[in-house]
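As a plain string of letters, each chain reads:
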Amino acid sequence: QVQFAESGGDLVQPGGSLRLSCAASGGLFKVYGMGWYRQAPGKQREWVAQITKDGITTIADSVKGRFTISRDNAKRAVYLQMSSLKPEDAAVYYCNRAPPRVDSWGQGTQVSVSS
């Protein structure tokens, strides 16, 4: 039904930048808030950022000032612009609704930060 496909993850150096993309299928995309979440090895999945259907954003303190979330309703897509990446940002990043649908977690996309 409602599915999200993440892409754009890569291996980057500390201080580097990366742009993640999320393609949504199913559901009425434009009427729901969307968010980015991440899960590092041995840690619980955590919320990173969210954006309402009207474009109002909220960013987690841990990435505030470095990450930016955006959406393109026409493309049914959500983006996460990541800059000044730190080793602690390394994780599998997921997109989902905000609040998330428990049945719509995808494979995520791996973000690796060396050193």
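Residues numbered from 1 in each chain as written. Predicted model: local features only at pLDDT ≥ 70, side-chain atom pairs only at ≥ 80, totals over all residues. Heavy atoms only, no water.

Asker: Lay out the sheet that holds strand 3 (residues 18–25) with the relevant residues and their values.
Answerer: Spatial strand order, 1-3-8-7: 4 strands in an open sheet with antiparallel pairing. A strand with exactly one partner marks an edge of an open sheet, and here the two such strands are strand 1 (3–7) and strand 7 (67–72). Sheet twist, expressed as the average angle between the axes of neighbouring strands with direction ignored, equals 20 degrees. Where strand 1 meets strand 3, 5 bridges bridge the pair, whose relative direction is antiparallel. Pairing of A5 across the sheet is with A23, part of strand 3. (Pairing = 2+ DSSP bridges. Helix = DSSP H or I, 4+ residues; strand = E, 2+ residues; numbered from the N terminus. Axes fitted to C-alpha atoms, helices over the stretch in contact; angles between N-to-C directions.)

Asker: Could you give an account of a nonpolar patch on the surface, with specific residues and numbers?
Answerer: Together, L28, V31 and Y32 make up a nonpolar patch on the protein surface, roughly 280 Å² of accessible area in all. Summarising the element assignment, Y32 is placed in the loop between strand 3 and strand 4 (34–39). (Patch = residues over 30% accessible without salt bridge, like charges linked within 9 Å, V, L, I, M, F, W, Y side chains within 5 Å. Areas by Shrake-Rupley, 256 points an atom, 1.4 Å probe, with all protein chains shown as cover. Salt bridge = Lys/Arg side-chain N within 4 Å of Asp/Glu carboxyl O.)

Asker: I'd like a rundown of the sheet that holds strand 10 (residues 109–113), residues and numbers included.
Answerer: Spatial strand order, 2-10-9-4-5-6: 6 strands in an open sheet with mixed pairing. Edge positions in the sheet fall to strand 2 (11–12) and strand 6 (57–59), since each of these pairs with one other strand and no more. Where strand 4 lies against strand 9 (residues 91–97), 6 bridges are found, and the strand directions are antiparallel. Among the inter-strand pairings, R38 is bridged to a residue of strand 9, identified as Y93.

Asker: Tell me what's going on with the side chain of E6, and back it up with residues and numbers.
Answerer: Among the secondary structure elements, E6 is positioned in strand 1. A polar atom in the side chain of E6 sits 2.9 Å from the backbone nitrogen of C95. Among the polar contacts made by the side chain of E6, one reaches the main-chain amide nitrogen of G108 at a distance of 3.0 Å. The residues touching E6, leaving out its near neighbours within four places in the chain, are S21, C22, W36, Y93, Y94, C95, G106, Q107, G108 and T109. (Polar contact = N/O pair within 3.5 Å; in protein donor to acceptor, adjacent residues only side chain to side chain. Contact = heavy atoms within 4.5 Å.)

Asker: Describe the pairing of strand 5 (residues 46–51), listing the residues and the values that go with them.
Answerer: As paired strands, strand 4 and strand 5 are joined by 5 bridges and run antiparallel to one another. Opposite G35, over in strand 5, you have Q50 as the bridge partner. In sequence, strand 4 turns back onto strand 5 through a hairpin of 6 residues, with G42 there showing a positive phi of about 75 degrees.

Asker: Could you give an account of the packing of aromatic side chains, naming the residues involved and the relevant values?
Answerer: Counted according to the given criterion, the structure contains 2 aromatic pairs. Both rings, one in Y37 and one in W105, keep their centres 5.1 Å apart while their planes meet at 80 degrees; by these two values the pair is edge-to-face. Of this pair, Y37 sits in strand 4 while W105 sits in the loop between strand 9 and strand 10; the two residues are 68 residues apart in sequence, bridging distant segments of the chain. A ring pair is formed by Y94 and W105, whose centres lie 5.9 Å apart and whose planes are at 85 degrees; its orientation type is edge-to-face. Of this pair, Y94 sits in strand 9 while W105 sits in the loop between strand 9 and strand 10, and the two are 11 residues apart along the sequence. A residue is classified by how much of its surface remains accessible, and Y94, at 11% relative accessible area, is buried. Judged by relative accessible area, W105 falls into the partly exposed class, the value being 26%. (Phe/Tyr/Trp six-rings, centres within 6.5 Å; stacked < 30°, edge-to-face > 60°. Buried < 20%, exposed > 50% of the residue type's maximum accessible area, 1.4 Å probe, protein only.)

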